Amino acid sequence: MILHCVLMKVRSDAAAGELDSVFDALAALRQRIDGFLAMTAGADTSFEGIARDHTHAFVITFRDREAHLAYHHHPEHEAAGQRLVALCDGGLAGITVVDLDDGIQPASAST
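Residues numbered from 1 in each chain as written. Predicted model: local features only at pLDDT ≥ 70, side-chain atom pairs only at ≥ 80, totals over all residues. Heavy atoms only, no water.

Trainee: Can you help me understand the sheet that holds strand β2 (residues 36–43) in this one?
Mentor: Either a parallel or an antiparallel arrangement is found when strands of a sheet pair, and the pairing is made through backbone hydrogen bonds. The sheet built from 4 strands is open, its strands ordered β2-β3-β1-β4 with antiparallel pairing. Since the sheet does not close on itself, it has two edges, and those belong to β2 and β4 (95–101), each with one partner. Between one strand and the next, the sheet's axes are offset by a mean angle of 10°, whatever the strand orientation. Each of β1 (2–8), β2 and β3 (56–62) touches helix α1 (residues 18–28); the most contacted strand, β2, lies at about 170° to it. (Pairing = 2+ DSSP bridges. Helix = DSSP H or I, 4+ residues; strand = E, 2+ residues; numbered from the N terminus. Axes fitted to C-alpha atoms, helices over the stretch in contact; angles between N-to-C directions. Contact = heavy atoms within 4.5 Å.)

The following block contains the structure:
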């Protein structure tokens, strides 16, 4: 499985509700992309105090790289991504993306 982890520094003047709207648009892609398994999103709630400048994050679980690439190239993802960049402090500089491949296929993908 692929874990697509996105950390953001959202601008303090970002319009209320706009980030949730972007998260909703991304989550809606689960219905359109085979292998988009789950998404979790929200504000940082860490008690450790080492989130650096990141205020929000989301993680999407994909069955495999093929599903991840289908998401990456989907026009609705591209549109939501542009909206997300506009909400972040410094634009793209306010976003960190890390993808992890755990090498495990979900049970439903086994033959």
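Trainee: Could you clarify how one ought to interpret helix α3 (residues 75–87) in this entry?
Mentor: Residue pairs spaced three or four apart in an α-helix point in one direction, given the helix's 3.6 residues per turn. For α3, which comprises 13 residues, the first-to-last C-alpha distance of 19 Å matches the rise-based estimate of 18 Å (1.5 Å per residue) to within 8%. Restricting attention to buried positions, one finds in α3 the residues His77, Ala80, Leu84 and Leu87. Each buried residue of α3 sits inside an arc of 75° when the element is viewed along its axis, so together they form one side. Exposed side chains of α3 directed beyond 90 degrees from the buried face belong to Pro75 and Gln82. (Expected span 1.5 Å × (residues − 1). Buried < 20%, exposed > 50% of the residue type's maximum accessible area, 1.4 Å probe, protein only. Arc of directions from axis to C-beta.)

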